[in-house]
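Below are the chains, spelled out letter by letter.
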Amino acid sequence: MNKVKAAMKKNTMLFVLVIVTVLFQILITINGKGSMFAPTNVSNLIMQNSYVVILATGMLLCILTGGNIDLSVGSIVALVGAVSGILIVNMHVNIYVAMIACLLVGLAIGVWQGFWIAYMNIPPFLVTLSGMLVWRGLATVLLNGTTISPYPDNYLKYFTSYISGGDANSTLIISLVIGAICCVVMFAISLYAQAKKRRKGYETGNTTMLIIKLAIIAVVIMAACYLLGKNKGIPVVLILLAIVVLVYDYLTTRTVPGRHLYALGGNAKATQLSGIDTRKIMFGAYVNMAFLSALAALVCVARFNSAAPSAGTNYEMDAIGACFIGGASAYGGTGTVGGAVIGAIFMGILNNGMSILGIDANWQKMIKGLVLLFAVVFDVVSKKRSKS
């Protein structure tokens, strides 16, 4: 019984996500608006919220350092998008050279902001607030207040195309095969990791509970692949998201720099006294955030097929909200990449569900703000109970 309670507590947001999804499905069905699980809607949900997953993954690393956030990510998306438009559309630069150049622009911005934060001890809030204004202004100057479009097809195919067969049946079969391969790999890696821990004498969870959890995830994966296969196939951008999530999950859970991030957020003074270069950790977190913002920019300009000065507006709020809703602590040192992804999915379903129901945009902002507040309040209350 205690193990069941512990599992439920650990996966609280996952249960909330399921409840909210079912609730939206009921409301949408009652109002005759279609279905949340329509193949086209599932595909659109992935395409529309791909940037949230990318940005939330980077934002998590900033939050882990001590509850710090990056307010400049939306403006970086606009600036890098402007650079991509000028290079690819206006100057007809090779798309691979242009994409590398855009990622380097993101890294340069990260180095600039990371230097002031890590080595000059300027609060991250102020540095990134400055960046939010500077990069947005620079994007507007570069674009001269106009929009650049359209992007060439050989660029768009990397972010807006689908893995599909020649006909509907082939597309469905390919999607299901890819889903099955993912499930087999997931089972193999998870069970091997647990066996390895057990051999080394580490404490491991109940194997039965792990298998049940993996089975539920496998069902979700296969259902998603089935729905995507019934539409146009698996979006190529989903593969990019999977790579980002897996790489950063490995980084935060299985590497020394990852452990240092959690240590810094848990107790900065103790981490510094133990000989860890806390400035390098902080610097790396903000350089990484800007790099992922540049990657998100490449995805966004392909989705909209244009580069505009207004691109990326409020993206930082979506990323921050996804992290806190997904279980990241407002004080740092707590949070997972998986939790950030769940938070991003939650935000996507919330946006999608409210849009289908025709809820006014102003009400949508209010609801999202309240959800974020309650997520942080839940974190604070939980910590107080733990201490008591």
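As the structure is a prediction and not an experimental result, all values here were calculated from the model.

Draft legend 1. Quick look at the overall build of the chain. Tallying secondary structure elements over the chain gives 16 helices and two strands in all. Over its C-alpha atoms the chain spans a radius of gyration of 21 Å, differing by no more than 12% from the 21 Å that the globule rule assigns to 388 residues. Along the first, second and third principal axes, the C-alpha set of the chain runs to 60 × 60 × 40 Å. Of the contacts formed within the chain by residues at least 6 apart in sequence, a portion of 79% connects residues at least 24 apart. Here the chain has roughly 19500 Å² of accessible surface; of this, 69% comes from carbon and sulfur atoms. Put simply, the chain has 27 plus and 10 minus side-chain charges, and the middle of one group is 11 Å from the middle of the other.

Draft legend 2. Highlighting unusual backbone geometry. Here the residue pair Ser149 and Pro150 is connected by a cis peptide bond, since its omega of -10° sits within 30 degrees of zero. Inspection of the secondary structure assignment puts Pro150 in the loop between α6 (124–143) and α7 (153–160). One non-glycine residue, His92, lies in positive phi territory at about 55°. In this structure, His92 sits in the loop between α4 (73–90) and α5 (95–119). Positive phi, close to 60°, is recorded for Asn305, a residue that is not glycine. Considering the arrangement of structural elements, one finds Asn305 in the loop between α13 (278–304) and α14 (315–325).

Conventions adopted
- Residues numbered from 1 in each chain as written.
- Predicted model: local features only at pLDDT ≥ 70, side-chain atom pairs only at ≥ 80, totals over all residues.
- Heavy atoms only, no water.
- Helix = DSSP H or I, 4+ residues; strand = E, 2+ residues; numbered from the N terminus.
- Rg over C-alpha atoms; globule rule 2.2 N^0.38 Å.
- Contact = heavy atoms within 4.5 Å.
- Areas by Shrake-Rupley, 256 points an atom, 1.4 Å probe, with all protein chains shown as cover.
- Lys, Arg positive; Asp, Glu negative; His and termini not counted.
- Charge placed at Lys NZ, Arg CZ, Asp CG, Glu CD.

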